[in-house]
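Breakdown of the fold
Listed below, chain by chain, are the residues.
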Amino acid sequence: MVAFALSILVTAVLTGGVLAYMKRRPVGTPVTWGEAMFGAMIVFFGLFWVYGVVPHQFLAWADNELNWRTDKLFVGPGGILRAQAQGGSFPFTITYVVIRDIIASGIYVVGIAAHVWMWHIWQDRGKKAEAAEAVEVSSFGRPLVREGSEA
């Protein structure tokens, strides 16, 4: 439990650090070689951590401390998912290993969604400022300025 919780904490700190840096970095600033290598290292570490360490720690926690095995059947609340083979009405047997694997797959789905979301907001980080500075233009493409105002 501690290792899984710590892996989630490291993921949150890493994500928060990237988001904080994103707000500080001016859009269009040239990237030095050192910044590019450090950024690549952070991204590689994040991918390794989210797709490797976090699911592994969950699987280890589920197998060891939670004791989710193939012989432990999942019957759901009130036994609504009890299999027909065990006298219930559900058409197939669900074990805790299946639940474990579904949760591990969900970790990957959340990871890929967060991955795409972070790349999206990184690429769009300067577009709000550009939209705010846009001046209304006429159908001829010239900026519209009120008469008597300084422009």
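Above: the structure in question.
Given the structure is predicted, the values throughout are model-derived calculations rather than measurements.

In terms of regular secondary structure, the chain is built from four helices and zero strands. Moving toward the C terminus, one meets the helices and strands of the chain in the order α-α-α-α. Its C-alpha atoms give the chain a radius of gyration of 25 Å, clearly above 15 Å, the size a compact globule of 151 residues would have. Its C-alpha atoms give the chain principal-axis dimensions of roughly 85 × 40 × 20 Å. Counting over 151 residues, the chain shows a buried share of 18%. Restricting to contacts in the chain with at least 6 residues of sequence separation, those with at least 24 account for 64%. With an accessible surface of roughly 11100 Å², the chain has 67% of that area assigned to carbon and sulfur atoms. Of the side chains in the chain, 12 bear a positive and 11 a negative charge, and the two mean positions are spaced by 5 Å.

Taken as a whole and judged by the stated rule, the model has ten aromatic pairs. On the numbers, 5.6 Å between centres and 15° between planes, the contact of F4 with W61 is stacked. With F4 in helix α1 (residues 2-24) and W61 in helix α2 (residues 33-64), this pair connects stretches of sequence that are 57 residues apart. There is no split in this pair, since F4 and W61 are both buried. Ring plane angle 75° and centroid distance 6.4 Å describe the contact between F58 and W68, whose orientation is recorded as edge-to-face. A residue pair is termed long-range when its members are at least 10 positions apart, and F58 in helix α2 and W68 in the loop between α2 and α3 (96-123) qualify at ten residues. Overall, F58 belongs to the buried group, its relative accessible area being 4%. In this structure W68 comes out as buried when scored by relative accessible area, which is 15%. An aromatic cluster is present here, built from F4, F58, W61, W68, F74 and Y96 joined pairwise through their rings.

Here the focus is the pattern of salt bridges. Counted under the stated rule, the structure contains five salt bridges. Here D101 and R100 are joined by a salt bridge, their closest N and O atoms 2.9 Å apart. Using a relative accessible area of 34% as the deciding quantity, one classes D101 as partly exposed. Judged by relative accessible area, which is 14%, R100 ranks as buried. With a closest N to O distance of 3.3 Å, K127 and D124 form a salt bridge. According to the relative accessible area criterion, D124 is partly exposed, its value standing at 25%. Ionic contacts of the salt-bridge type, sharing partners, join the residues D63, R100 and D101 into one network.

Scoring rules and cut-offs
Residues numbered from 1 in each chain as written. Predicted model: local features only at pLDDT ≥ 70, side-chain atom pairs only at ≥ 80, totals over all residues. Heavy atoms only, no water. Helix = DSSP H or I, 4+ residues; strand = E, 2+ residues; numbered from the N terminus. Rg over C-alpha atoms; globule rule 2.2 N^0.38 Å. Buried < 20%, exposed > 50% of the residue type's maximum accessible area, 1.4 Å probe, protein only. Contact = heavy atoms within 4.5 Å. Areas by Shrake-Rupley, 256 points an atom, 1.4 Å probe, with all protein chains shown as cover. Lys, Arg positive; Asp, Glu negative; His and termini not counted. Charge placed at Lys NZ, Arg CZ, Asp CG, Glu CD. Phe/Tyr/Trp six-rings, centres within 6.5 Å; stacked < 30°, edge-to-face > 60°. Salt bridge = Lys/Arg side-chain N within 4 Å of Asp/Glu carboxyl O.

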